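Coordinates in review
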Amino acid sequence: MAFTDTKLGETVMGNYRMTWGTFSSSDGDTGGDINTGLHKCELLIPVATGGSIVADSPTVSETIAAGGVDGTAVTIITTANTAGLWIAFGW
């Protein structure tokens with residue numbers, strides 16, 4: 001099992017921080033935790049890219065209610081061996 005994520009950048013937008021990066025899974029892995037670099041995450045958008053584009057879009061496997069979730073471990077579910085980008089908003 002090999003799921004990896006990398007935070008590539010961050011900026012401030014109004015009252016929120018925005019971070020972004022990449023993820024990839026191999027060896028049949030179907031997702032894992034994304035470390036957004038945020039204290040609390042209110043929105044995470046994962047997108048499959050390149051040759052990894054598949055019929056099933058990556059999805060967030062968390063219930064993100066008002067107040068957000070722990071930004072160090074937002075779980076996503078992907079089709080096996082998928083790579084892509086993510087963008088997150090929070091603080």
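Rules of the game
Residues numbered from 1 in each chain as written. Predicted model: local features only at pLDDT ≥ 70, side-chain atom pairs only at ≥ 80, totals over all residues. Heavy atoms only, no water. Pairing = 2+ DSSP bridges. Helix = DSSP H or I, 4+ residues; strand = E, 2+ residues; numbered from the N terminus. Buried < 20%, exposed > 50% of the residue type's maximum accessible area, 1.4 Å probe, protein only. Contact = heavy atoms within 4.5 Å. Polar contact = N/O pair within 3.5 Å; in protein donor to acceptor, adjacent residues only side chain to side chain.

1. Thoughts on the sheet that holds strand 8 (residues 83-90)
- Read from one edge of the open sheet, five strands run 1-2-8-4-6, paired in antiparallel fashion. Strands at the two margins of the open sheet, each flanked by one partner only, are strand 1 (2-13) and strand 6 (69-70).
- Of the pairings in the sheet, the one linking strand 2 (residues 16-26) to strand 8 comprises eight bridges and is antiparallel in character. If you follow G21 over to strand 8, its bridge partner there is W86.

2. Let's talk about the environment of D70
- Among the structural elements, D70 can be located in strand 6.
- Taking the relative accessible area as the measure of exposure, D70 reaches 43% and is therefore partly exposed.
- In the structure, D70 is positioned 35 residues away from N35 in sequence and 9.1 Å away in space, judged by C-alpha atoms.
- If near-sequence neighbours (up to four positions away) are discounted, D70 is found in contact with H39 and K40.
- A distance of 2.8 Å separates polar atoms of two side chains, one belonging to D70 and the other to T72.

3. Quick notes on the sheet that holds strand 3 (residues 31-34)
- Reading across from one edge, 3-7-5 is the order of the three strands in this open sheet, with antiparallel pairing throughout. Two strands lie at the open edges of the sheet, namely strand 3 and strand 5 (59-60), each paired on one side alone.
- By the bridge criterion, two bridges tie strand 5 to strand 7 (residues 74-77) in an arrangement that is antiparallel. Looking at the pairing, T59 lines up with I77 of strand 7.

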